[in-house]
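# Reading the structure
The residues making up each chain are set out below.
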Amino acid sequence: MVAAVSVGCNRGTTDLAVTGGAPAIDAVAIGPIPGPVEQETELSNPYSDDRVALAEGRKLFVSYNCYGCHGGRGGGGMGPSLRDEVWLYGDSASHIFDSISRGRGRGMPAWGKKIPQQQIWILAAYLKSLRTPLEPEPPQP
Amino acid sequence: MNDRLKTLLIAGVAILVGSCANHKEAPRSSSTKDVPGTATGIRLVSPLPNGEWTMPAGDYANTRFSPLAQIDTNNVRGLHPVVTLATGIPRGHEGGPLIVNGTMYVATPYPNNLIAVDLRNPSGPPKWVFKPHPKPRSQGVACCDVVNRGASYANGKIVYNLLDGNTVAVDAGTGEQVWRTQVADVNYGETLTMAPIVVKNRVLVGNSGGELGARGRLVALDLDTGKEVWRAWSTGPDSDVLIGPAFKPFYAKERGPNLGVGSWVSDQWKTGGGTIWGWISYDPELNLIYYGTGNPGPWNGDQRPGDNKWSCTLFARDADTGQARWAFQIGPHDEWDYDEIMESIIVDMEWGGRVRKLLVYPGRNAFVMVFDRETGELLSANKFIDSTNWASGYDLKTGLPNINPAKKTHQGIVVEDICPSSTGGKEFVPSSFSPKTGLVYIPGHNTCMDFQSLQANYIAGTPYLGASVKMKPGPGGFQGELVAWDVRNQRKAWNVIEPKFPLYSGVLATGGDLVFYGTMDGWFKAVDARQGKVLWQFKTPSGIISNPVTYTGPDGKQYVAIYSGVGGWMGAVALPGVSSDDLYAALGTVGAMKELEKHTNPAGLVYVFGL
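Residues numbered from 1 in each chain as written. Chains lettered and ligands numbered in written order. Predicted model: local features only at pLDDT ≥ 70, side-chain atom pairs only at ≥ 80, totals over all residues. Heavy atoms only, no water.

A separate point is the confidence of the model for chain B. Residue and element names in this part refer to chain B. The pLDDT averaged across chain B works out to 95; a share of 95% of its residues lies at or above 70. Within the model, the stretch residues 1-29 combines pLDDT values under 50 with 22 contacts to residues more than four positions away or in other chains. In the predicted assembly, ipTM is 0.89 and pTM is 0.92. (pLDDT = per-residue confidence, 0-100. Contact = heavy atoms within 4.5 Å.)

Next up on the list: the packing of helix H2 (residues 51-63) of chain A against helix H5 (residues 117-129) of chain A. Residues and elements named next belong to chain A. Close contact between H2 and H5 brings their axes to 8 Å; oriented N to C, the two are set at 100°. With respect to each other, H2 and H5 are oriented roughly perpendicular. Residues Ala53, Leu54, Glu56, Gly57, Arg58, Leu60 and Phe61 of H2 form the contact with H5, whose participating residues are Gln119, Ile122, Leu123, Ala125, Tyr126, Leu127 and Ser129. Here the residues of the contact of H2 with H5 sort into nine nonpolar, three polar and two charged. (Axes fitted to C-alpha atoms, helices over the stretch in contact; angles between N-to-C directions. Helix = DSSP H or I, 4+ residues; strand = E, 2+ residues; numbered from the N terminus. Parallel < 35°, antiparallel > 145°, perpendicular 65-115°, else oblique. Nonpolar A, V, L, I, M, F, W, Y, C, P; charged D, E, K, R; others polar.)

In this section: the sheet that holds strand E16 (residues 217-222) of chain B. Residues and elements named next belong to chain B. Sheet architecture is open: four strands sit in the order E14-E15-E16-E17, paired in antiparallel fashion. Two strands lie at the open edges of the sheet, namely strand E14 (197-199) and strand E17 (228-233), each paired on one side alone. For this sheet, the mean angle separating the axes of adjacent strands, direction not counted, is 25°. The pairing of E16 with E17 spans five bridges and is antiparallel. Considered in E17, the bridge of valine 219 is made with arginine 231. (Pairing = 2+ DSSP bridges.)

A separate point is H2 of chain A. Residue and element names in this part refer to chain A. For H2, spanning 13 residues, the distance from its first C-alpha to its last is 18 Å, which sits close to the expected 18 Å at 1.5 Å a residue. Taken as a whole, H2 has its buried residues at Ala53, Leu54, Gly57, Arg58, Leu60, Phe61 and Val62. At the N-terminal boundary of H2, the capping side chain belongs to aspartate 50, with an oxygen 3.0 Å from the backbone nitrogen of valine 52. Just downstream of H2 lies asparagine 65, where phi reads positive at about 70°. (Expected span 1.5 Å × (residues − 1). Buried < 20%, exposed > 50% of the residue type's maximum accessible area, 1.4 Å probe, protein only. Polar contact = N/O pair within 3.5 Å; in protein donor to acceptor, adjacent residues only side chain to side chain.)

Okay, the interface of chain B and chain A next. The partner chain A presents 29 residues to the 28 residues of chain B that form the contact. Roughly 2200 Å² is buried in total at the junction of chain B and chain A, and carbon and sulfur atoms are behind 52% of that figure. One can count one salt bridge joining chain B with chain A. Taking the shortest distance from any N to any O, the salt bridge between aspartate 581 of chain B and arginine 83 of chain A comes out at 3.1 Å. Seen at the junction of chain B and chain A, the total is 16 residue pairs in polar contact (both at pLDDT 80 or more). (Buried area = accessible area lost by both parts, 1.4 Å probe. Salt bridge = Lys/Arg side-chain N within 4 Å of Asp/Glu carboxyl O.)

Another aspect to go through is H5 of chain A. Residue and element names in this part refer to chain A. The end-to-end C-alpha distance of H5, which contains 13 residues, comes to 19 Å, matching closely the 18 Å that a straight helix rising 1.5 Å per residue would cover. Among the 13 residues that make up H5, ten are buried, leaving the element largely enclosed by the rest of the structure. Along H5, the positions that sit buried rather than exposed are Gln119, Ile120, Trp121, Ile122, Leu123, Ala124, Ala125, Tyr126, Leu127 and Ser129. Residues of H5 that are buried in the fold lie against H2, helix H3 (66-70) and helix H4 (93-102). Looking one or two places after H5, you find arginine 131, whose phi comes out positive at around 70°.

As structure tokens, then:
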């Protein structure tokens with residue numbers, strides 16, 4: 001247990017290739033780590049407050065067919081809602097990146113080798129913007 | 001609980017057990033074509049379930065009519081639950097149980113367990129539970145909840161489909177797997193959700209995945225071995241579609257070589273949908289099977305110019321070879337996701353002064369279509385939901401719909417108030433036909449939509465959709481309507497309005513002149529088959545999206561069974577993981593259904609009612 005946590009602590013980003021100004025993610029664990037302490041270095045998403053990027057994320061959400069599973073505005077359907085309180089696999093920027101990149105067992109495809117990392121970060125930023133004032137094209141009431 | 005109550009309860013159970021033992025066992029397999037009180041000019045071609053319930057609709061003709069008459073309009077008020085069972089799976093419970101040889105078989109949603117209940121001891125533990133463990137990722141490619149629409153019994157085996165693309169045969173006595181055959185591939189967005197039927201030692205299975213670019217097909221498997229005997233694709237060259245010299249469609253629009261390729265642009269037919277996830281009928285006299293195919297993919301019609309054959313098409317095929325006899329494309333170049341996979345009700349009936357071999361098809365397009373099932377001639381097409389506005393009717397000479405140009409959909413344009421919505425004037429939930437009344441009881445929807453086509457990109461295993469849809473209640477504000485359709489006179493005889501939600505359960509008609517159905521907020525109802533008066537109702541805990549069945553128990557008494565378990569496409573908003581503030585969620589159903597989550601919760605329950 002202690003060993004596992006310390007391995008997690010040693011994970012850094014300094015030796016990773018950086019593409020398009022966005023941090024790479026290869027060393028992040030899949031999903032939240034069980035146990036009381038998770039001191040992993042949190043990656044920040046450079047696009048999280050960028051309205052141009054969020055609008056682009058909305059477009060990617062449609063063009064990569066995400067909306068077919070996760071709902072027109074992320075409200076879910078075939079796949080879980082992305083605009084409720086629940087983040088099944090963690091709500092940090094790196095966890096969301098990880099869910100998109102590596103996929104999840106109940107049907108989420110692994111997109112890491114299909115789309116550029118930068119676009120995954122932009123998608124992650126869009127997802128975090130849902131239900132916030134920054135959400136592009138929010139659902140009509 | 002006080003001791004006196006306990007004693008009473010124990011005594012009650014003892015009396016129940018005693019009463020079971022004192023009655024003679026019902027005949028093991030009984031069926032009939034002779035129903036007392038059958039209306040003049042009506043003739044059934046397939047035996048009815050008379051005690052047991054061995055296939056999804058009860059009979060090959062998809063009448064969902066049982067001649068059992070112990071429970072009738074006079075005593076139905078005394079109906080009460082006698083057995084309950086939890087499947088342990090809080091997802092949409094579509095389909096219905098089978099009853100064979102004193103055993104009830106329940107095929108559950110994913111993980112697709114098969115539960116066998118001994119009806120001699122129905123409140124005891126199940127005889128066995130078969131757990132097939134389908135691949136978990138299949139959950140993520142199922143468009144409309146992880147549902148299963150039922151099983152079939154034949155020759156000692158229960159045959160049903162697993163969400164992950166496999167068909168299994170299970171020994172009905174022991175619960176051991178006999179064979180498992182992969183029919184569909186989740187890597188290409190395919191699942192299996194429909195209820196197979198067994199015709200002459202062939203198991204007929206169709207795939208799902210019309211929202212994910214799947215290519216529809218019907219496969220015949222050998223009942224003994226599970227080996228594929230023939231395969232009829234819904235798109236592609238005639239050799240794939242099993243169109244040969246015997247193919248004699250009634251209308252010119254269906255004639256010509258390789259229309260399953262030529263009515264598409266380039267290779268679009270390879271991802272063109274036309275999946276087969278509804279109900280199959282069989283006429284043992286003509287030796288023909290009948291079924292319909294689903295929507296073309298993607299939903300965006302601008303991306304696939306042409307008629308897109310053979311999507312949204314009714315097929316008649318030789319039951320032995322699968323060769324097509326006739327076809328009728330109900331929705332040429334569908335632009336609204338009107339899958340035409342509904343039940344084909346086959347009955348011989350007086351029509352225009354003589355008895356004709358009819359096929360009555362209540363469509364997702366909200367028209368009751370009556371065909372000559374020998375030739376494929378369309379004899380009539382009438383709206384059964386008044387708000388229908390995508391078309392005014394069908395031209396019986398050409399077989400083509402008269403489409404309202406204002407409701408055609410195009411990329412980038414929001415077309416408002418199209419009626420019905422993609423979920424149809426009815427969904428897959430099956431109607432019932434009573435030979436006593438001559439009425440078809442249709443579980444109808446009055447739901448409309450705003451539809452915007454979007455550019456769709458094909459990525460294998462992901463939705464191939466191309467549409468932003470928001471559904472809403474139709475004119476008048478109500479969404480559910482049980483329509484009693486008078487086939488011969490081509491008109492609505494009466495209806496029952498369900499104000500809140502679409503009618504999303506199957507319908508059962510009985511010899512006791514009763515019609516049973518359920519509502520999405522959990523009410524199970526019995527109405528008078530001749531007037532529609534509600535005679536009895538019972539509130540189950542979860543919404544009903546399943547099909548009621550009736551049978552004779554080992555004690556000789558009639559029972560009615562139903563699943564209570566909300567979900568499915570229209571019930572998705574009641575499931576965890578769907579947010580009601582996104583009206584476009586669950587492929588657009590949330591817009592119409594957002595109130596549902598306040599009225600019901602997920603469950604997986606079996607209810608059996610008796611007098």
